[in-house]
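Structural features, examined
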Amino acid sequence: QLVESGGGLVQTGGSLRLACVASGLTFSSYAMGWFRQAPGKEREFVAAISWDGGRTSYGDSVKGRFTISRDNAKNAVYLRMNSLKPEDTAVYYCAADTALFLIVPPKERHEYDYWGQGTQVTVSS
């Protein structure tokens, strides 16, 4: 089970930190990802991190503004979001890829096996 938290309403230029806590999974062995979905749009890749935190990747629209990190001791993955824009408004989902010890975390939605319920992020202009 994956449970996200930390979403909310923020003004343009503001920051938020999302958290996703896993239970019942071998969290420390899995690559983790963040995706988002705005109304009427496809779910898109935001960021991903390898099982040990050694490799990260980001979607083009968030590079330089968002940072993904993880704490395997807490079974948690985080998404720090800075310089938020109205176009960042979406439901944000965390996901786990249960292929063990992936060096390169995947960007494709279909690679992920478990998903959280999502947390709403709204950026006002």
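One can find the structure itself at the top, above this paragraph.
Here, residues in each chain are numbered from 1, in the same order as that chain's written sequence. Since the coordinates come from a predicted model, pLDDT governs what is reported: local features require at least 70, and pairs of side-chain atoms require 80 or more to be given and counted, while whole-chain, interface and lining totals use all residues. By convention in this description, side-chain values take in all heavy atoms of the structure and omit both hydrogens and water.

1. Here's the deal with the environment of Met81
Helical segments are the DSSP runs of H or I of at least four residues, strand segments are the runs of E of at least two, and each set is numbered from the N terminus. One can find Met81 in strand β8 (residues 76–81). In this structure, the C-alpha to C-alpha distance between Met81 and Leu18, residues 63 residues apart in sequence, is 7.9 Å. Two residues qualify as a contact provided that any one of their heavy atoms is within 4.5 Å of a heavy atom in the partner residue. The contacts of Met81, once residues within four sequence positions are left out, are Gly14, Ser15, Leu16, Leu18, Arg65, Phe66, Tyr92 and Val121.

2. Here we look at the pattern of salt bridges
Salt bridges are identified by distance alone: a Lys or Arg side-chain nitrogen within 4 Å of an Asp or Glu carboxyl oxygen. The tally for this structure, following the rule as stated, stands at 5 salt bridges. With its nearest N and O atoms 2.6 Å apart, the salt bridge here joins Arg36 to Glu44. Salt-bridge contacts for Arg109 lead to Glu42; the nearest nitrogen and oxygen are separated by 3.9 Å. Taken together, the residues Arg109 in the loop between β9 (90–100) and β10 (114–115) and Glu42 in the loop between β4 (30–37) and β5 (44–49) connect sequence positions 67 residues apart. Salt bridges linked by common partners bring Arg36, Glu44, Arg65 and Asp88 together as one network.

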